[in-house]
Amino acid sequence: MYRISIIIGKSLLALLRLAGRRGSALPGLVVERINKSFLKKTIGTLPGGVIIVTGTNGKTTTTKILAKLLEGQGMRVLTNETGSNFVRGIIATVIEKIRLSGKLDYDIAVIEQDEAYAALFVNYVRPRGLVALNVMRDQMDRFGEIDATARLIAKTAESVSEFLVLNANDPRIAVISKSKADAKTVWFGHHEELVRHFVSDDQHHHGDAIEFYEAAEPDVELRTFEGSEVNVKVGSQTLAFRPKLEGGHNALNLTAALAAFTAVCSDYSKDALIHDLENISPAFGRGEQIILKNGCRIHLQLVKNPSGFTHSLRILQNKRFDLIGIAINDDYADGRDVSWLWDVEFHDVAEHGSPVICAGIRGNDMALRILYENGEVEEVITEDRIFIDKLVSQGQSDEDYIIFCTYTSMLSLRKLLKKHSTVMNEEGL
Amino acid sequence: MSKRSLSIVHLYPAEMNIYGDTGNRLILQRRLEWRGLDAAVSLVGVGQEIPKDSDIIIGGGGQDAVQSSVQPDLQRKAAQLHELADKGVVMLMVCGLYQLFGRRFITHQGEEIRGIGVLPLETKASNTRMIGNTNVQSEWGLLIGYENHSGRTNLDDPKLALGTVDKGAGNNGRDGTEGCLVNNIFGTYLHGPVLSKNPGLADELIRRALERKYGEADLAPLDDSYAYAASRIAQDRPR
């Protein structure tokens, strides 16, 4: 049954590729239906086990960092790079990477998991460890409440066999340490002096005075990220490095990944670690740059929820962009309810002074939001093809454009941009 | 002649703000400012006083955990809210506060949570999540929004509804009513936020408040083309 699943899965994958459909999780969906123990028999047998990374913001980047750090130490790491994080997406990833013989040439799996699906995923495979990053308002129409999301992550933690890596500064995450009393907990967090950079979800929405919360002294603690040097305390030593990944949120992702790394590796090459920390580049859609044939640089930034979007917009304070695009779709993966846009602070867009184009299926809702911020919108273009054609025709070689986009919009825009670009990023376009 | 102004009060902005309803406050504020009128905005939370000169009071939905701190405080404000309602102060209550403005909410366990009874309705917890894009026929055209609730609200009199559901569940998924309108108290389950794609409704609130305060209201029209474009697309989106 297991080998048949692989054959069926790989055949579907090949057919879809012939049809030009990459990234479909259909093979995963089919195998999920016909063989419930597929994941258990595949990644469930890896010697290093399965590490799950979950939380509202930072999953994809933290997963990528952790995978690279472990690879740098010589491990073969199976991971779902493109962020396809529902169960069927994981299965599809395994189908792609497994040999026809059933052999999986990996030592360990680091899997990004959607907060709700992680609780289901553990029914298929018992994870060795769980990295829980944060809980923030995300697609409210799927979860209903952020406390419910936190409870789902706690449920996932109950199934862990070895360790939990938890955010000491997020009370909803910190309480998860009680879910599995016999699991080892590795705390990560940031120093109190950095608190203003990491406003919590409640503070973001309530506009409270900023308070610092720390459930426990972090084992791995972000000390500074001023300029381009990041300092992280790891146990009794301090690591200093200059990462390519920019910004406070990424400094914290690096900290979380380091914490998970120490849970997996007690013995490691520090040189390799520093080298990897400095060389990891942005993940799919998280600050990637696509360079058009005419030389114009398009920066893509995925946005998913109010706090993430507000944080991402801060880049407009430090860097000049010649055009700001905001592409909002409302398919299932984007969030069907666009009300969340009204919990995002858009003054950075209104004040930047560059032309703003609103795109995506709900581009008009986005334009409305900007108008109420007393900002100006040059145009609304709901057809992605027309939007990209416009960017391509007016882009100049010395210009930087930034596009903030929701998930399915990101997929569509990247595919269209591929035709007009010269540079592929690490994962390939 | 001094500028006309309206006092906009946002009730429980910190506790009941879960689905972008804070946007309703910004929308009212701007629609006044764009017409050269002043908007004096106050935020009133737990333990704080509602200004006596309130002209429009708005409130939204929250997480269940938080409603337990809001409900007792709302009881303390009940007398004043009744007085303001009787004086014709305009109010817009969405979702959680819409429910608490009714007489009571009955939980799954059969426990009764008291509302303040400003609106003639009761809500009962159910196991059905009524969620999705919602279109409602009303006096101000088709109202476009997004509902997300599992409470079933029953009006004492269905004729007191804000509108009838064209697509979606509305108050209870059964009788086709959505929301409630009594005097100047507007209640609804629509998020969006509700005033974003329904500028006619936003101006109705403003007009009633101005008429009450100044005896008449002459609202200059605004360019609402993005709202109409957004509304046309939203109304055809899948449920």
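As a reminder, the structure under discussion sits directly above these lines.
Along each chain, numbering runs from 1 in the same order as the chain's sequence is written. As a convention, the first chain written is A and the first ligand written is 1, with the rest following in written order. A pLDDT threshold of at least 70 governs which residues receive local features in this predicted model, and a stricter bar of 80 or more applies before side-chain atom pairs are shown or counted, although totals over entire chains, interfaces and linings include all residues. In computing side-chain values, all of the structure's heavy atoms are included and hydrogens and water are not.

Section: the overall build of chain A
Applicable threshold: Each helix corresponds to a stretch of at least 4 residues labelled H or I by DSSP, and each strand to a stretch of at least 2 residues labelled E; elements are numbered beginning at the N terminus. Here the radius of gyration uses the C-alpha set of atoms, whereas the globule reference equals 2.2 Å times the residue count to the power 0.38. The rule is simple: take the accessible area with a 1.4 Å probe, protein chains only, and divide by the maximum for that residue type; under 20% is buried, over 50% is exposed, in between is partly exposed. Whether two residues touch is decided by their heavy atoms; if any such pair falls within 4.5 Å, the residues are in contact. All accessibility values rest on the Shrake-Rupley procedure with a 1.4 Å probe; residue burial counts only the protein chains present in the view. We count Lys and Arg on the positive side and Asp and Glu on the negative side, and we leave His and both chain ends out. Charged side chains are reduced to one point each, which is NZ for Lys, CZ for Arg, CG for Asp and CD for Glu.
Across its full length, chain A holds 18 helices and 15 strands. Relative to its length of 429 residues, chain A is compact, with a C-alpha radius of gyration of 21 Å against a globular reference of 22 Å. Expressed as lengths along the three principal axes of its C-alpha atoms, the size of chain A is roughly 55 × 55 × 45 Å. Out of the 429 residues in chain A, the part that is buried amounts to 60%. Sequence-distant contacts in chain A: of pairs separated by 6 or more residues, those separated by 24 or more amount to 72%. Carbon and sulfur atoms provide 49% of the accessible area of chain A, an area that totals close to 16900 Å². Charge centroids of chain A, computed over 49 positive and 57 negative side chains, lie 10 Å from each other.

Description of the sheet that holds strand β14 (residues 379-381) of chain A
All names here are of chain A. Using the following cut-off: Should DSSP find at least two bridges between two strands, the strands are regarded as paired. Fitted lines through C-alpha atoms serve as axes, helices being fitted only where they are in contact, and the angles separating the N-to-C directions of these axes extend from 0 to 180 degrees.
Across the sheet, six strands lie side by side as β10-β11-β15-β12-β13-β14; this open sheet has mixed pairing. Two strands bound the open sheet, and with one partner strand each, they are β10 (286-291) and β14. Shown here is a sheet whose adjacent strand axes are inclined to one another by a mean of 20°, direction ignored. The sheet contact formed by strand β12 (residues 323-327) and strand β13 (residues 356-359) spans four bridges and is parallel. Counted as the bridge partner of Ile-326 is Cys-358 from β13. Along the sheet face, helix α13 (residues 306-313) touches β11 (297-302), β12 and β15 (400-405) and points at about 175° away from the line of β15.

Focus on the sheet that holds strand β6 (residues 184-190) of chain A
Residues and elements named next belong to chain A. An order of β2-β3-β1-β4-β5-β6-β7-β8-β9 is seen for the nine strands of this open sheet, with the pairing classed as mixed. Strands with a single pairing partner mark the edges of an open sheet, and in this sheet they are β2 (77-79) and β9 (237-241). Each strand of the sheet is rotated relative to its neighbour by a mean of 20°, with strand direction disregarded. Two strands pair when backbone bridges link them, and β6 and strand β7 (residues 220-224) are joined in this way by three bridges, in the parallel orientation. Counterpart to Phe-188 in the pairing with β7 is Val-220. On top of the sheet, helix α4 (residues 59-72) reaches β1 (50-54), β2 and β3 (108-112); it is set at about 165° to β3, its chief contact.

Examining the packing of helix α1 (residues 22-33) of chain B against helix α4 (residues 199-214) of chain B
Residues and elements named next belong to chain B. Spelled out, the test is: Throughout this description, any angle smaller than 35 degrees is read as roughly parallel, any larger than 145 degrees as roughly antiparallel, any in the 65 to 115 degree range as roughly perpendicular, and the remainder as oblique. Here the nonpolar group is Ala, Val, Leu, Ile, Met, Phe, Trp, Tyr, Cys and Pro; Asp, Glu, Lys and Arg are the charged ones; every other residue, Gly included, is treated as polar.
As a packed pair, α1 and α4 sit with axes 10 Å apart at the nearest point and diverge in direction by 70°. One finds that α1 runs roughly perpendicular with respect to α4. In this structure, α1 uses Ile-27, Leu-28, Arg-31 and Leu-32 to contact α4, whose residues at the interface are Pro-199, Ala-202, Asp-203, Leu-205 and Ile-206. For the contact of α1 with α4, a count of residues per class yields seven nonpolar, no polar and two charged.

Quick look at the environment of His420(A)
All names here are of chain A. Tracing the backbone shows His-420 in the segment after α18 (407-418). According to the relative accessible area criterion, His-420 is partly exposed, its value standing at 24%. In the structure, His-420 is positioned 127 residues away from Lys-293 in sequence and 5.9 Å away in space, judged by C-alpha atoms. Dropping the residues within four chain positions of it, His-420 is found in contact with Leu-292, Lys-293, Ile-388, Asp-389 and Val-392.

Some points on the interface of chain B and chain A
What counts is decided by this rule: In this description, buried area is defined as the sum, over both parts, of the accessible area (probe of 1.4 Å) that is lost when the two are combined. We count a salt bridge whenever a side-chain nitrogen from Lys or Arg sits within 4 Å of a carboxyl oxygen from Asp or Glu.
Contact with chain B, which involves 33 residues of that partner, is made by 32 residues of chain A. When the two sides are added together, the surface that chain B and chain A hide from each other amounts to roughly 2900 Å², 50% of it contributed by carbon and sulfur. Where Arg237(B) meets Asp331(A), a salt bridge forms, and the shortest distance between an N and an O atom there is 3.6 Å. Elements with a contribution of two residues or more to the side of chain B that touches chain A: α1, α2 (64-86), β7 (121-138), β8 (141-155) and α5 (225-235) of chain B. Residue composition of the side of chain B that touches chain A, by class: 17 nonpolar, 10 polar and six charged.

Looking at unusual backbone geometry
Residues and elements named next belong to chain B. In the segment running from Gly-192 into Pro-193, the intervening peptide bond is cis, with an omega of -5°. Position of Pro-193 relative to the elements: it lies in the loop between β12 (185-188) and α4. Phi angles above zero are rare outside glycine, and Cys-95 is one such case at about 55°. Locating Cys-95 in the fold gives a position in the loop between β4 (90-94) and α3 (96-100). Of the residues examined, Cys-95 reaches a relative accessible area of 9% and is grouped as buried. If you check the backbone angles, Asn-183 has positive phi at about 50° while not being a glycine.

Topic: the pattern of salt bridges
Applying the stated criterion across every chain, the model contains 37 salt bridges over all chains. Between Lys3(B) and Asp38(B) there is a salt bridge, and its shortest N-O distance comes to 3.7 Å. Note that Lys3(B) is positioned in the segment before β1 (5-11) and Asp38(B) in strand β2 (residues 38-44), a separation of 35 residues in sequence. Judged by its relative accessible area of 36%, Asp38(B) falls in the partly exposed class. Asp156(B) is paired through a salt bridge with Arg103(B); the nearest N and O atoms lie 2.8 Å apart. Residue Asp156(B) is found in the loop between β8 and β9 (163-167), and its partner Arg103(B) is found in the loop between α3 and β5 (104-106); the two are separated by 53 residues along the sequence. With a relative accessible area of 47%, Asp156(B) lands in the partly exposed category. A cluster of three or more residues bridged by salt bridges with shared partners is formed by Asp330(A), Asp331(A), Arg362(A), Asp365(A), Lys197(B) and Arg237(B).

Read these as layout, nothing more, since geometry by itself doesn't imply function.
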